[in-house]
Amino acid sequence: MANIASARKRARQSEKNRQHNVAARSRFRTAIKKVLKAVKAGDKDTATSAYQAAVPVIDKSVSKGVLHRNKAARHKSRLNARVRAL
C-alpha cells in the first residue's frame, strides 16, 4: 500500500473507477447477450426490442469511456445485421 496521502487517495479513486467500469462493461455485455439469445431463438419481435434497448446501453458505455466508439459502432452494426436477417 502507498505511504503518501495523495497516493493512498489515488489508489482509492482507482478502485472506485475500476468497479464502475466493471459494472458498465457488464451491462454492455448483458445487453448484447439478450439480443443474441433472441436472434438464436428466431424471435424477431423480441430481438428487435432487445436491440433497441441495447443501443442506448452501448452508446452510454462510449460516453462514459468504457468502450471505444468504433467498437461500439461495430457491435451495433453486427447486431443490427443479425436482427434484420431474421
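Preceding this section is the structure that the text describes.
Residues numbered from 1 in each chain as written. Predicted model: local features only at pLDDT ≥ 70, side-chain atom pairs only at ≥ 80, totals over all residues. Heavy atoms only, no water.

Draft legend 1. Quick look at the nonpolar core. Membership of the largest hydrophobic core comes to 15 residues, with the highest contact counts inside it found for Val 35, Ile 58, Leu 79 and Val 83. Listing elements by their share of this core, those giving two or more residues are α1 (5–41), α2 (44–63) and α3 (69–85). Per element, the largest residue contribution to this core is six residues, and it comes from α1. Ignoring any residue separated from it by four or fewer positions in sequence, one finds Ile 58 in contact with Phe 28, Ile 32, Leu 67, Ala 72, Lys 76 and Leu 79. (Core = buried A, V, L, I, M, F, W, Y, C linked by side-chain atoms within 4.5 Å. Buried < 20%, exposed > 50% of the residue type's maximum accessible area, 1.4 Å probe, protein only. Helix = DSSP H or I, 4+ residues; strand = E, 2+ residues; numbered from the N terminus. Contact = heavy atoms within 4.5 Å.)

Draft legend 2. Highlighting the side chain of Ser 61. Tracing the backbone through its elements, the reader meets Ser 61 in helix α2. Not counting the four nearest positions on each side in its chain, Ser 61 is found in contact with Phe 28, Val 66 and Leu 67.

Draft legend 3. Summary view of the pattern of salt bridges. Tallied over the full model, the rule gives two salt bridges. A salt bridge links Glu 15 to Arg 18; the shortest N-O distance between them is 3.0 Å. Of this pair, Glu 15 and Arg 18 both sit in helix α1, separated by three residues, roughly a single helical turn. In this structure Arg 18 comes out as partly exposed when scored by relative accessible area, which is 43%. We note a salt bridge from Asp 59 to Lys 76, for which the minimum N-O separation is 2.7 Å. Of this pair, Asp 59 sits in helix α2 while Lys 76 sits in helix α3, placing them 17 residues apart in sequence. (Salt bridge = Lys/Arg side-chain N within 4 Å of Asp/Glu carboxyl O.)

Draft legend 4. Highlighting α1. Between the first and last C-alpha of α1 there are 54 Å, a value that for 37 residues agrees with the 54 Å anticipated at 1.5 Å per step. Along its buried surface, α1 packs onto α2 and α3. Just past α1, the residue Gly 42 takes up positive phi, approximately 80°. (Expected span 1.5 Å × (residues − 1).)

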